Protein chains: 2
Amino acid sequence: MPLTRVGVVGAGLIGSSIGLALRHRGVDVVLRERDPDQLRLALALHAGRPWDGDRVDHAVVAVPPDAVVGELLTLQRSGLAATASDVTSVKAGPVEAAAAAGCDMATFCGGHPVAGRERGGAIAARADLFAGRPWVLTPTDVTGAEAVTAATTLAELCGALPVQISPDRHDTAMAVLSHLPQLISSLLAAEAGELPEAELALVGQGFRDVTRLAGSDPRLWAQILTANRREVASAAARLAQRLALVVADLADADDPAPPLSEVIAAGNAGQARLPDKAGLVPHVWARVGVVVRDRPGELARLFTAVAEWDINIEDVAVEHSRNAPFGRLELAVAAERGDDLLQHLESAGWTAYRRT
Amino acid sequence: MPLTRVGVVGAGLIGSSIGLALRHRGVDVVLRERDPDQLRLALALHAGRPWDGDRVDHAVVAVPPDAVVGELLTLQRSGLAATASDVTSVKAGPVEAAAAAGCDMATFCGGHPVAGRERGGAIAARADLFAGRPWVLTPTDVTGAEAVTAATTLAELCGALPVQISPDRHDTAMAVLSHLPQLISSLLAAEAGELPEAELALVGQGFRDVTRLAGSDPRLWAQILTANRREVASAAARLAQRLALVVADLADADDPAPPLSEVIAAGNAGQARLPDKAGLVPHVWARVGVVVRDRPGELARLFTAVAEWDINIEDVAVEHSRNAPFGRLELAVAAERGDDLLQHLESAGWTAYRRT
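Residues numbered from 1 in each chain as written. Chains lettered and ligands numbered in written order. Predicted model: local features only at pLDDT ≥ 70, side-chain atom pairs only at ≥ 80, totals over all residues.

*Asks:* Even after reading the chapter, I still don't get the overall build of chain A, so can you show me in this structure?
*Replies:* Across its full length, chain A holds 13 helices and 13 strands. Taking the principal axes of the C-alpha coordinates as reference, chain A spans close to 70 × 70 × 35 Å. Sequence-distant contacts, at least 24 apart, represent 72% of the contacts inside chain A between residues at least 6 apart. (Helix = DSSP H or I, 4+ residues; strand = E, 2+ residues; numbered from the N terminus. Contact = placed C-beta atoms within 7 Å.)

So this is what it looks like as structure tokens:
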């Protein structure tokens, strides 16, 4: 069954990104969002049009965990959506809560697109947020086939890879793959935050990667961790136990070489088991670096020149040199325009180079 | 004192990258490496020429922690290097060991470029590996001024930011910022590696980031962790304690909402204290987002307008939605010009918003 019109309840990061992805595939998207600022931004991004009593083939409830049951009830009572799904990252408890609250569980299929960013809100939305990412579907015995099909089609239209699994197994896996890492990332960043500034200056890229998740929204994550508390507690307890073993080894000054290489090797093996990033199509852009002076109008001069050469800029990155009167700008353009851009820039007197 | 000729002992990732960076700056680089394959590769990459009895202004010993003292002794006995430094990521113990072994500590300055990759060896070397990264120097009371100056110049020639700190404070900071994160990354990856394949398919980008370090070399990291065992054990014990508190909260089913948001918020705060990448000085820019159409000339129109308002753009970031007709651009400007820019943009008809 094709989805020709989809309703999105909640125009935050996930809802707005779904809207953008669906509209790109020609689907009519109608949006409902309580926060007028979020709604305005989502509409400005063309993530959909306001939902004004339209019937939809499927509605996706893209609100924080604590709000799902309420929004689902409202939606189902309106009778506007043939089927519905959600996007929350905890599944077993919310499914039980929805059933207990009197939701129609035959037309609802639990869903969880495993994609996100540290930044939330429509502001951070991207049409390709789900491209090549898993989109978990957790139908139960009472879920109707129509709801499963619609939720699967939704995931596929967003470019994601639908994966079916039970709510319980989902929650166990997510405790290890997402919820505990979030907690650890936050604890490590908090620990670093207590270092004096002179020590903090020693931070490297490894720490930034490990703590990227620490930028996440506290309210949202408190809800997620609480909703999956049993599984998270169990995964965290296992980690704490393993960590305690390592600490004991390290603290034993008589032991000349504790078996730390085994711990690192076990990590190698675990990492090697992670599935390949499937379905992601790497960009084949040409990247050209340009040296620019740090003064008003310099970027305008550059971009005006590039526009005159009729070259579309796909991406821009700035690299700053501390205290330097110039910076480096990296322009990404279609692969076949790279040489063109480089020649134009050099002829026009810019210092430019091909990035590899 | 300029460095006109530098000796590099050990042509792995760090040594070869130093060679490449120095040669790019016109320095004569001579290499010594026990492994003939590594040496051949480093020479092929033009990281330097074979070290054949040449006297050098400075020599950098770029070998694993356990090999530093031996190589330093050999180097100093040869009398070929005026001063020397190393690159190991643990400092206090190795400095003591070097002194105990009879190394000349007046001409040696401890060093640690905080840069690396999961891949080791000359094959992974890059001339820009150290660009904009901290390069820690740990002189002690007995370190001569000439050695400190030479090591500082070395760091600067490699494009890094020299930071001076005592060996002890270095090791305390690195336990938190590097060694414990490595351990945790490995433990999390190992834990995930025990999941059945169907569950592992749910893995997302967040987990990949947190466990990127898990690909590190077990032998090298066992040496590093062992060399800093006291500090790592202490940081790990603190983390285990905090984790145990969270587990206790989560496991307490009577507590409807454990204070998890505080844990996440503390992580937010810690992350916010990390220095900016470029200059390691936190920028106090105002950030303004603008919605732009994906077509030639649109960026030129925007930057021309901003230049006309006489506002200097400090940084630019583009967020792309692949295949979407719109993108978002984030402009960073001086803090006091943020409101100004926002008003100008809105008056001129752009959809703009303040980034927080």
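*Asks:* Explain the environment of B:Ala286 to me, please; I cannot follow it from the model alone.
*Replies:* Residues and elements named next belong to chain B. Of note, Ala286 is situated in strand β10 (residues 285-293). Put simply, Ala286 and Ala100 are 186 residues apart on the chain and 53 Å apart in space, counted from C-alpha to C-alpha. Residue contacts for Ala286: discarding those within four places in its chain leaves Val333, Ala335, Arg337 and Gly338.

*Asks:* Would you explain the interface of chain A and chain B in this entry?
*Replies:* How big an interface is tends to be reported as the loss of accessible area on association of its parts. In this assembly, 113 residues from chain A lie in contact with 114 residues from chain B. Of all the elements, helix α6 (residues 167-193) of chain A adds the most residues to the side of chain A that touches chain B, at 20 residues. The class makeup of the residues in the side of chain A that touches chain B is 71 nonpolar, 23 polar and 19 charged. (Nonpolar A, V, L, I, M, F, W, Y, C, P; charged D, E, K, R; others polar.)

*Asks:* Help me understand the confidence of the model for chain A, please; the structure alone is not making it clear to me.
*Replies:* Do not read the fine detail of predicted coordinates wherever pLDDT is low. Residues and elements named next belong to chain A. Averaged over every residue, the pLDDT of chain A is 88; residues scoring 70 or more account for 92%. Every residue in residues 278-282 is under pLDDT 50, and counting partners more than four places away or in other chains gives 7 contacts. Here residues 320-325 is a poorly scored stretch, pLDDT under 50, and it has 8 contacts once near neighbours within four places are set aside; other chains count. Here the predicted complex scores 0.77 on pTM and 0.78 on ipTM. (pLDDT = per-residue confidence, 0-100.)

*Asks:* Sorry if this is basic, but what is going on with the sheet that holds strand β2 (residues 28-32) of chain B here?
*Replies:* Backbone hydrogen bonds hold the strands of a sheet together, and the pairing may be parallel or antiparallel. Residues and elements named next belong to chain B. Reading across the sheet, the 6 strands line up as β3-β2-β1-β4-β5-β6 and stay open at both edges, with parallel pairing between neighbours. The sheet is open, and its two borders are formed by β3 (49-50) and β6 (108-109), each paired with just one other strand. Sheet topology note: the β2/β3 ladder contains 2 bridges and is parallel. Across the sheet, Leu31 pairs through a bridge with Pro50, a residue of β3. (Pairing = 2+ DSSP bridges.)

*Asks:* Looking at this structure, I do not really get unusual backbone geometry. What am I missing?
*Replies:* Glycine aside, residues mostly have negative phi, and peptide bonds are mostly found in the trans state. Of note, A:His46 is a non-glycine position whose phi angle comes to about 65°, a positive value. Among the secondary structure elements, A:His46 is positioned in the loop between α2 (36-44) and β3 (49-50). Given 19 C-beta atoms within 10 Å, A:His46 falls into the partly exposed group. Although it is not a glycine, B:Asp310 adopts a positive phi angle of roughly 60°. C-beta crowding within 10 Å serves as the criterion here: with 10 such atoms nearby, B:Asp310 is assigned to the exposed category. (Buried ≥ 20, exposed ≤ 12 C-beta atoms within 10 Å, placed from the backbone.)

*Asks:* I'm lost on helix α11 (residues 260-273) of chain A in this one. Help?
*Replies:* Quick reminder: α-helices carry 3.6 residues per turn. Residues three or four places apart thus point the same way. The end-to-end C-alpha distance of α11(A) is 20 Å, a good match for the 20 Å that 14 residues give at a rise of 1.5 Å each. Looking at the buried side of α11(A), the elements it contacts are α10 (229-251) of chain A together with α6 (167-192) and α9 (218-227) of chain B. (Expected span 1.5 Å × (residues − 1).)

*Asks:* Would you mind showing me how to read the pairing of strand β4 (residues 56-61) of chain A here?
*Replies:* Regular strands place side chains that alternate from one sheet face to the opposite one. Residues and elements named next belong to chain A. A large share of β4 lies buried, amounting to 6 of its 6 residues. Summarising the sheet, β4 and strand β5 (residues 81-86) pair through 5 bridges and their orientation is parallel. When the sheet's bridge partners are listed, His58 is paired in β5 with Thr83. What joins β4 to β5 is helix α3 (residues 68-78), and the crossover it makes is right-handed. (Right-handed = clockwise from strand over helix to strand, strands pointing away.)

*Asks:* Mind showing me how you'd approach the packing of α6(A) against helix α10 (residues 229-251) of chain B here?
*Replies:* Packed helices, taken two at a time, are described by their axes: the angle between them and the distance between them. Interhelical geometry of α6(A) versus α10(B) gives an angle of 130° and a closest axis separation of 11 Å. For the element pair α6(A) / α10(B), the angle class is oblique. Two packed elements cross with a definite hand, and for α6(A) against α10(B) that hand is right-handed. From α6(A), A:Leu183, A:Leu187 and A:Glu191 reach across to α10(B), where they touch B:Arg238, B:Leu239, B:Arg242, B:Leu243 and B:Val246. Of the residues in the contact of α6(A) with α10(B), the class split is 5 nonpolar, no polar and 3 charged. (Axes fitted to C-alpha atoms, helices over the stretch in contact; angles between N-to-C directions. Parallel < 35°, antiparallel > 145°, perpendicular 65-115°, else oblique. Left-handed = near helix turned anticlockwise from the far one by under 90°.)

*Asks:* Quick question: what am I supposed to make of the sheet that holds strand β6 (residues 108-109) of chain A here?
*Replies:* All names here are of chain A. Ordered by their spatial adjacency, 6 strands build an open sheet running β3-β2-β1-β4-β5-β6, and the pairing between neighbours is parallel. Pairing within the sheet leaves two strands with one partner each, and these edge strands are β3 and β6. In this sheet, β6 lies alongside β5 in parallel orientation, the contact comprising 2 bridges. Across the sheet, Ala84 pairs through a bridge with Phe108, a residue of β6.

*Asks:* Looking at this model, I keep getting lost on helix α12 (residues 298-308) of chain B. Mind explaining?
*Replies:* Inspection of α12(B) places B:Leu299, B:Ala300, B:Leu302, B:Phe303, B:Val306 and B:Ala307 among the buried residues, and these make up the whole buried set. What you see down the axis of α12(B) is that its buried residues fit within an arc of 165°, all on one side. (Arc of directions from axis to C-beta.)

*Asks:* I would appreciate a short explanation of the nonpolar core in the present structure.
*Replies:* A general tendency of soluble globular proteins is for nonpolar side chains to be buried together. Counting 233 residues, the largest nonpolar core has A:Val6, A:Val61, A:Ala236, B:Val6, B:Val61 and B:Ala236 as its most contacted members. Once residues lying within four places of it in the same chain are set aside, the contact partners of A:Val6 are A:Leu22, A:Val27, A:Val29, A:Val56, A:Asp57, A:His58, A:Ala59, A:Val60 and A:Leu154. (Core = buried A, V, L, I, M, F, W, Y, C linked by C-beta atoms within 7 Å.)

*Asks:* It is not clear to me how the environment of B:Arg287 should be interpreted in this structure. Could you clarify?
*Replies:* Positionally, B:Arg287 belongs in strand β10. When the C-alpha atoms of B:Arg287 and B:Asp315 are compared, they prove to be 8.9 Å apart, with 28 residues separating the residues in sequence.

*Asks:* Would you mind showing me how to read the packing of helix α3 (residues 68-78) of chain B against helix α4 (residues 92-100) of chain B here?
*Replies:* Residues and elements named next belong to chain B. The contact between α3 and α4 brings their axes to 10 Å, and the two run at 45°. For the element pair α3 / α4, the angle class is oblique. Of the two elements, α3 crosses α4, and the hand of that crossing is right-handed. Of the residues in α4, those in contact with Val68, Val69 and Leu72 of α3 are Pro94, Ala97 and Ala98. Partitioning the contact of α3 with α4 into residue classes produces 6 nonpolar, no polar and no charged.

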